[in-house]
Structure formats: structure tokens, C-alpha cells
Amino acid sequence: MNSEAVETTFVSARRLLASGECTEAIELLEAAVADSPDEGTLWCLLGVAQWGIGSVEDSIASLETATTLVPVGAEGRLALALGYEVIQKRELASDLFVGLLSEEHLPYAVLEPLSRALARAKQPALALEVCQRAAGRRPDSAGPLRGMAFYMTQLDRASEEILPVLFKAFHLEPEDFDTRMQLAKRLLDCGRLEEAAYLMSVIEIESSCCPSCLVAMQEIFEAAGDSDNARRCLETLIAIAEKSEGPNDF
């Protein structure tokens, strides 16, 4: 297979993957590497595609083949690391995850799964670093900011330090309940009781079906002296408990 045919196959497979036609992409790539087994870029894309459909062992085999032929890009190394993680080769996985951090220009799509992988590897400081890089790349996205706040919490950072991050996330996505709740809790920690209660006061309390959320909201309202909303939270909690118990047959 000449270089033009390799490029055409690569582009076609990429297009199939982008449109969700993973099986077709894999069939195309498998035929291509059978015909040209030294084309590392095709082996790499095949491994990424196989990882995408959950064929872990096939993905590892394809990506390991690719590493013997060409320098494998970040997407391929991430897939290989995730595969090693699944089959319990944790040291190999960790080395690849940490190695990816040394690259200055990682594709944005790699950053979120990399941060989660580092967190699973008990590396919250490195996971936080990845989220910070993602936030710098996409300042209009709340997701990386929520990740930053989560890992900062794991690292026992002070609420005063986490608050600015949550405020940014909240202003980007004020409709996100989890961000609103986390922000309210941090405001409570900092003694900003009225602000915390105000954030929760716009929630439809009686529509909530999350007991832990209602308990947190009740605590915030009580701390702020908002007895009416605290009572509504308690009444909703009681109604949920009664409903879960079902009718009394005795």
C-alpha cells in the first residue's frame, strides 16, 4: 500500500469513527494492516477504534504493534494506558499516564479521561494539574473548573481557595445543580451564610427527590436562620421517607 493509499484509508477510517461507524472503521483498518503490516499509523488508529468498542485485548495488541513501528501519539498512548489499567498492569499504565503529562500540547479530548485516570491512580495533584490545563484551554467551559474543585477538595484545600473556581463554574453554568450545591457548601464553610441560603432558595424544594441534597439544603437554611425553607426541606424528606415505606398492610 503506497503512502497515498495509507492516507486515504486513515482519513476514511477517521471519518467513520467520527460518525459512530466503529465496526466499519475497524473492518477497513484490519484489511489495511493485513495488506500492509508495517503501517504503524493504521495499527495505532485500529487500536484506538478497538478500545472505543471495548475490545481491550485487541486494542492493546494493535497499539503495542504500533509502538514498534512509529511514535504513537497521545490518543493512542492514552488508549494503551487505559487498556493496561483494565488488565491490571497498573505500573505500565501509570508510567504512560504520567508520561502524557510531560507533553505541552495534548489534544483537548485526552485531558478529561487522563485526569480521571490519574485520580484512579491515587494522583489527585496530577489530576488537578490536568484540569487546570483544560480550564486554560477552554475558559468558557465549566467542566474543567468542576474537576478542579473536586480534586482541590480531595487535596484538602481550604474553602476560600476553592470558592473562586466554583464561582467561575457557576457563572458559566448556573443551571447545574451540583455546582450550585458545592458553591453553597463552600460559602457556608466561609461563614457567608446569606449567600449560601440564597443560592439554595431558588431550588424547587418539594420537587427534589434526593435525600442527601435535602439534608444539605436544610443545614444551609438552618445556619442562615431561614426557618421556612428549612421546614420545607424537612417536610419533603418526611414525604420521601413515607413514600418509600409504601402502604402499611397491618
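Residues numbered from 1 in each chain as written. Predicted model: local features only at pLDDT ≥ 70, side-chain atom pairs only at ≥ 80, totals over all residues. Heavy atoms only, no water.

Student: Just to check I follow, could you spell out the packing of aromatic side chains for this structure?
Tutor: The geometry of two aromatic rings is summed up by the distance between their centres and the angle between their planes. Under the counting rule described, the total for this entry stands at one aromatic pair. Centre to centre, the rings of phenylalanine 150 and tyrosine 151 are 5.2 Å apart; their planes meet at 75°, and the pair counts as edge-to-face. Residue phenylalanine 150 is classed as partly exposed on the basis of its relative accessible area of 48%. Just above the ring of tyrosine 108 sits the side chain of arginine 138; from NZ or CZ to the centre is 3.9 Å. (Phe/Tyr/Trp six-rings, centres within 6.5 Å; stacked < 30°, edge-to-face > 60°. Buried < 20%, exposed > 50% of the residue type's maximum accessible area, 1.4 Å probe, protein only. Lys NZ or Arg CZ within 6 Å of the ring centre and 35° of its normal.)

Student: Hey, could you run me through the layout of surface pockets in this one?
Tutor: If you roll a probe as big as a water molecule over the atoms, it shows you where there is empty space left. In this model, the largest pocket occupies a volume close to 340 Å³. As for the largest pocket, its lining consists of 15 residues, and the residues nearest its centre are Glu112, Ser115, Arg116, Gly143 and Gly147. Counting residues per element, the ones that place at least two in the lining of the largest pocket are α7 (108–120), α8 (124–137) and α9 (143–154). Within the lining of the largest pocket, the residues separate by chemical class into nine nonpolar, three polar and three charged. In this structure, the second largest pocket occupies an estimated 260 Å³ of space. Listed by contribution, the elements that provide at least two residues to the lining of the second largest pocket are α9, α10 (159–172) and α11 (177–189). Top element by residues in the lining of the second largest pocket is α11. It accounts for six residues. When its residues are assigned to classes, the lining of the second largest pocket shows seven nonpolar, three polar and three charged. (1 Å grid on protein atoms, 1.4 Å probe; cavity = no way out; pocket = protein on both sides within 12 Å on 5 of 7 lines; lining within 4 Å. Points joined across faces, edges and corners; volume = space filled by probe spheres on them. Helix = DSSP H or I, 4+ residues; strand = E, 2+ residues; numbered from the N terminus. Nonpolar A, V, L, I, M, F, W, Y, C, P; charged D, E, K, R; others polar.)

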